[in-house]
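Okay, here's what each chain looks like letter by letter:
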Amino acid sequence: MRKIWKRMRFIVKIRRFIPFLIEFFRSREVSMFKKSLSILLLAIYMVFPFDIIPDWLGLFGIIDDVTVLLFILQQIVKMAPSHLKNKYGI
């Protein structure tokens, strides 16, 4: 139950990701490997949007896209320095 609540809070904080991502990619503390990996994950998803549930099923089709995007954002957060996470409350 705690894990589900944590993911729900993560979704609500999605508006904080744009400034977080900008600072993540501008930060000298984040290695080029981590930045490249993040860009690669996002690019792979954009080029090959893997659909577990087809998009023509309406809301259910969008849920899997949001899930994959949130997974990628969670991986970027895990790679970020702790002061960035604290600054944006992520």
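What you see is a predicted model, and the numbers here were worked out from it, not measured in a lab.

> Account for the overall build of the protein chain, with residues named and values stated.
Assigned secondary structure in the protein chain consists of 5 helices and 0 strands. Its helices and strands taken in sequence order, the protein chain reads α-α-α-α-α from the N to the C terminus. Burial analysis of the protein chain (90 residues in total) assigns 26% to the buried set. At a minimum sequence separation of 6, the contacts of the protein chain that also span at least 24 residues come to 61%. Summing over all exposed atoms, the protein chain offers an accessible surface of approximately 6,900 Å²; the carbon and sulfur share of this is 71%.

> An account of the pattern of salt bridges is requested, with residue identities and associated values reported.
On inspection of all chains with the given rule, the structure shows 1 salt bridge. Its salt-bridge partner being lysine 87, residue glutamate 23 comes within 3.0 Å of it at the nearest N-O pair. Of this pair, glutamate 23 sits in helix H2 (residues 17–26) while lysine 87 sits in helix H5 (residues 82–88), placing them 64 residues apart in sequence. The class for lysine 87 is exposed, based on a relative accessible area of 54%.

Conventions used here
- Residues numbered from 1 in each chain as written.
- Predicted model: local features only at pLDDT ≥ 70, side-chain atom pairs only at ≥ 80, totals over all residues.
- Heavy atoms only, no water.
- Helix = DSSP H or I, 4+ residues; strand = E, 2+ residues; numbered from the N terminus.
- Buried < 20%, exposed > 50% of the residue type's maximum accessible area, 1.4 Å probe, protein only.
- Contact = heavy atoms within 4.5 Å.
- Areas by Shrake-Rupley, 256 points an atom, 1.4 Å probe, with all protein chains shown as cover.
- Salt bridge = Lys/Arg side-chain N within 4 Å of Asp/Glu carboxyl O.

No statement about biological role is implied by the geometric values presented.
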